[in-house]
Amino acid sequence: MDMLEKTSRRLSLHMPGGQGKGPFGSIDPYLLDTTETAYSDDLYAPQSGIAEAQRLAARSAGAAHTLMLTGGSTAGMHAMLLYAAKRGQKVILPRNVHISAVHLCATAGLEPVFVPVSYTASGRPYTTFRHYERVMAENPDAKAVLVLNPDYYGTLAPVAAVAQLAHARGMLVLCDEAHGAVFNWYHTEKGALSQGADLVIQSAHKTLPALTAGAWLHASGRVDAQLLRKRLRMVQTSSPSFITMLSLDDARAWMDENGAAAGQVLEEALTAFRLEAAQLGYTDGQQLLPPGVETDPLRLVLDAPQGGFRLMAQLEALGIDPELCDAAGVGCILSLMDGADRLSRLLEALRQIPAVCGSEGGSLPLPPPIPPRRMPVSEAAFAETEAVPVRQAAGRISAGQVGLYPPGVAALVAGEEITPQIIEWLTAMPTQHLFGLEENGWLTCVKEGV
């Protein structure tokens with residue numbers, strides 16, 4: 001309690017989207033906490049309150065069916081991949097896919113085929129239809145293709161073009177829209193369902209006033225809802241939180257009433273904020289994307305001459321916590337309930353922080369090309385392993401995922417060869433921002449000679 005109360009007194013510019021405010025006031029969670037009884041409902045065989053909440057969520061999202069998730073979008077990611085493919089079958093994933101997708105491929109024996117990403121000058125990833133088109137042509141037997149819409153930086157994917165080609169090839173279209181739940185009510189044309197996706201996960205807790213781990217799994221009319229529910233039951237707890245489900249229904253109800261207007265207020269506030277921040281030396285990082293690549297207008301990416309790592313530390317010292325930082329700047333998630341006020345407080349903090357160039361500014365070297373696969377991910381992830389110093393790992397097989405966060409793109413995935421280019425890149429990275437290394441900074445490799 002002491003820890004959480006201390007944290008709550010800081011200015012949150014990260015998830016959860018409610019950021020300390022219940023959409024319909026405060027409740028006593030202990031009073032309402034329950035489980036499946038004769039008077040409550042069952043998430044996996046809904047008949048009353050849960051069934052109605054899911055029906056209303058589907059209506060708001062434009063889905064044929066919606067399942068509530070209390071295990072976050074990770075549970076939804078696992079369920080939709082299990083629905084889409086069977087052991088040994090291929091699924092096409094963007095290289096900057098959430099790590100939960102790779103974990104499911106490892107445990108379920110699916111074969112991931114990766115779509116490479118492009119990078120901006122500051123090292124932020126984005127995907128193009130050309131890359132998807134090539135990978136789909138090279139893997140016509142793939143059962144599904146996944147798009148990320150939007151990513152952590154608010155960058156959108158070419159969903160409509162991918163969906164049209166994938167459906168023509170008989171592939172299901174899956175979408176990780178964890179950061180895009182607001183598209184159900186605001187800028188609906190940017191949502192994946194409206195662009196032809198078959199299965200879409202949304203982390204309501206990331207951008208809406210819902211409790212952490214509250215999410216939705218939306219399905220189009222082309223999906224067998226009964227089979228999808230069975231797949232979800234395989235990967236999510238049999239005792240889902242009714243409090244989390246309540247917060248999902250509250251978030252949906254609040255957005256039904258206020259979402260469109262709140263989105264417009266926040267977008268206008270962001271436009272004004274970007275102009276004022278630019279005068280202080282802090283620029284809009286989304287402007288660095290190439291023409292034709294769209295972004296979520298409600299996501300704030302702020303670049304700083306002193307670099308994002310330094311700006312993050314300066315903001316944290318003033319009691320402000322952005323969602324993420326990279327070499328170039330910071331990214332912020334803003335509440336639809338009071339985002340304009342939070343922007344005013346952020347601007348006041350920036351006035352106290354000189355935008356002075358420093359050695360921490362700029363960008364980091366881009367990851368090398370995707371290395372060759374030497375072993376199926378399902379074998380490498382469960383093989384006997386040993387830790388190897390990075391500089392001695394050339395030619396070895398990775399037993400896990402390793403990369404820089406942010407942007408969260410895996411330079412190595414289990415089963416891939418550790419190339420000299422990978423080693424050179426890893427040794428040039430700030431170790432504290434790498435994920436997937438052993439505690440001593442070594443690489444986890446498949447043990448040889450076993």
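Please read all numbers here as calculations on a predicted model, not as lab measurements.

(A) Structural context of the overall build of the protein. Across its full length, the protein holds 14 helices and 20 strands. Taking 450 residues into account, the globule formula puts the C-alpha radius of gyration at 22 Å, and the protein, at 22 Å, falls close to it. Taken along the three principal axes of its C-alpha coordinates, the protein extends 60 × 55 × 45 Å. When the 450 residues of the protein are sorted by exposure, 57% land in the buried category. Relative to all contacts within the protein whose residues are 6 or more apart in sequence, the contacts with residues 24 or more apart total 72%. When the accessible area of the protein is evaluated, it comes to approximately 19100 Å², of which 52% is carbon and sulfur surface. For the protein, the separation between the mean place of its 34 positive charges and that of its 46 negative charges on side chains is 4 Å.

(B) Broad picture of the pattern of salt bridges. One pass over the full model with this rule turns up 20 salt bridges. Between D338 and K21 there is a salt bridge, and its shortest N-O distance comes to 4.0 Å. One end of the pair, D338, is in the loop between β15 (329-332) and α12 (339-351); the other, K21, is in the loop between β1 (11-13) and α2 (29-32), with 317 residues separating them in the sequence. The salt bridge partner of R134 is E138, with a shortest N-O separation of 3.3 Å.

(C) Spotlight on a nonpolar patch on the surface. Taken together, the side chains of I27, L31 and L32 make up a nonpolar region of the molecular surface, amounting to roughly 300 Å² of accessible area. Mapped onto the secondary structure, L31 falls in helix α2.

(D) Just the environment of T120, in detail. Among the secondary structure elements, T120 is positioned in the loop between β5 (118-119) and β6 (125-126). In the structure, T120 is positioned 246 residues away from L366 in sequence and 9.5 Å away in space, judged by C-alpha atoms. Among all residues touching T120, those that are not within four sequence positions of it are Y126, L288, L289 and L366.

Rules used in this analysis
Residues numbered from 1 in each chain as written. Predicted model: local features only at pLDDT ≥ 70, side-chain atom pairs only at ≥ 80, totals over all residues. Heavy atoms only, no water. Helix = DSSP H or I, 4+ residues; strand = E, 2+ residues; numbered from the N terminus. Rg over C-alpha atoms; globule rule 2.2 N^0.38 Å. Buried < 20%, exposed > 50% of the residue type's maximum accessible area, 1.4 Å probe, protein only. Contact = heavy atoms within 4.5 Å. Areas by Shrake-Rupley, 256 points an atom, 1.4 Å probe, with all protein chains shown as cover. Lys, Arg positive; Asp, Glu negative; His and termini not counted. Charge placed at Lys NZ, Arg CZ, Asp CG, Glu CD. Salt bridge = Lys/Arg side-chain N within 4 Å of Asp/Glu carboxyl O. Patch = residues over 30% accessible without salt bridge, like charges linked within 9 Å, V, L, I, M, F, W, Y side chains within 5 Å.

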